[in-house]
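What follows is the residue order along each chain.
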Amino acid sequence: MDNCISEKLLYRLNKGEEQAFEFVFHKYYASLCFFANKFLQDTEAAKDVVQEVFIAFLGKKYNFPNSIALKSFLYTCVQRKALNYLEKMNNRANIQKQIKQSDYQENEYFLYQIETEIFEEIFTAIEELPAECRRIFKMSYIDHLDIQKISQKLNIAESTIKTQRQRAKKFLRERLQNLYPLAVLLFF
């Protein structure tokens with residue numbers, strides 16, 4: 001499911017190269033924000049937490065043997081930072097009351113991570129759409145703009161928007177068909 005980063009890029013990242021860092025940031029930012037938001041239930045706070053993790057990560061030299069170790073590091077850092085944030089906000093006690101068993105907490109963490117990886121795959125597929133199709137899809141389904149508003153903003157016909165949305169949905173259905181069984185198990 002994961003599109004692993006190359007060994008060459010990992011080597012450059014381990015040396016602290018800024019371009020390699022930027023690639024990793026762009027690859028994992030959205031999915032890590034989604035993951036952090038599962039803990040925080042606050043989109044802006046989740047973005048702040050992920051940015052803080054990446055700021056701490058910037059320019060440092062690491063020794064990640066593979067992309068799995070890198071992802072594990074990032075998810076663990078985000079989880080810790082999110083829990084620290086909750087502690088500062090005096091919400092940790094409330095969460096501890098809700099989570100009575102450590103097994104439940106481990107299950108939740110595991111499910112959040114799987115759910116996040118599914119969304120990561122979806123975000124990757126969306127980025128593979130042709131530019132105009134991707135732009136209309138994002139405006140429609142991520143920014144929740146209706147067809148008329150998109151038409152006004154882009155100065156294009158509503159029929160063109162409808163066509164581009166249909167193309168995007170068809171492409172994503174085909175591209176993500178292997179995720180359907182897993183998504184059904186997790187979300188329903």
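Per-chain numbering applies: the sequence of each chain, read as written, is numbered from 1 onward. With pLDDT at 70 or above as the cut-off, local features in this predicted model cover only qualifying residues; side-chain atom pairs require 80 or more to be listed or tallied, and sums for whole chains, interfaces and linings still use all residues. By convention in this description, side-chain values take in all heavy atoms of the structure and omit both hydrogens and water.

Draft legend 1. Spotlight on the nonpolar core. Working definition of a nonpolar core: buried Ala, Val, Leu, Ile, Met, Phe, Trp, Tyr and Cys residues. They are joined through side-chain atoms within 4.5 Å. Buried, partly exposed and exposed residues are distinguished by accessible area as a fraction of the type maximum, computed with a 1.4 Å probe on protein chains only: under 20%, between the cut-offs, and over 50%, respectively. L13, V24, F54, F57, L70 and L74 are the most contacted members of the largest nonpolar core, which has 32 residues in total. Secondary structure elements follow DSSP: runs of H or I of four or more residues count as helices, runs of E of two or more count as strands, with numbering from the N terminus. Elements supplying a minimum of two residues to this core: α1 (7-14), α2 (18-40), α3 (43-57) and α4 (67-88). Beyond its immediate chain neighbours, meaning those up to four positions away, L74 contacts V24, Y28, L32, V53, F54 and F57. We call two residues in contact when some of their heavy atoms are within 4.5 Å.

Draft legend 2. A look at unusual backbone geometry. With a phi angle near 55 degrees, Q41 is a residue other than glycine that sits in the positive phi range. Phi angles above zero are rare outside glycine, and H144 is one such case at about 60 degrees. Of note, H144 is situated in the loop between α7 (131-142) and α8 (147-154). For H144, a relative accessible area of 65% corresponds to the exposed category.

Draft legend 3. A look at the packing of α8 against helix α9 (residues 158-175). Axes here refer to lines fitted to C-alpha atoms; in helices the fit is confined to the stretch in contact. Angles between the N-to-C directions go from 0 to 180 degrees. Two elements in contact, α8 and α9, have axes separated by 9 Å at closest approach and are oriented at 110 degrees. On the basis of the axis angle, α8 is roughly perpendicular to α9. Along this stretch, α8 crosses α9, giving a crossing that reads as right-handed. The residues of α9 that touch α8, namely those facing I147, Q148, I150 and S151, are E158, I161, K162 and R165. Grouping the amino acids of the contact of α8 with α9 by side-chain chemistry returns three nonpolar, two polar and three charged. Between 65 and 115 degrees an angle is taken as roughly perpendicular, under 35 as roughly parallel, over 145 as roughly antiparallel, and anywhere else as oblique. Helix crossings fall into two classes, left-handed where the near helix is turned counterclockwise from the far one by less than a right angle and right-handed where it is turned clockwise. Under this grouping Gly is polar, as are all residues other than the nonpolar Ala, Val, Leu, Ile, Met, Phe, Trp, Tyr, Cys and Pro and the charged Asp, Glu, Lys and Arg.

Everything listed here is a matter of geometry and, on its own, says nothing about what the molecule does.
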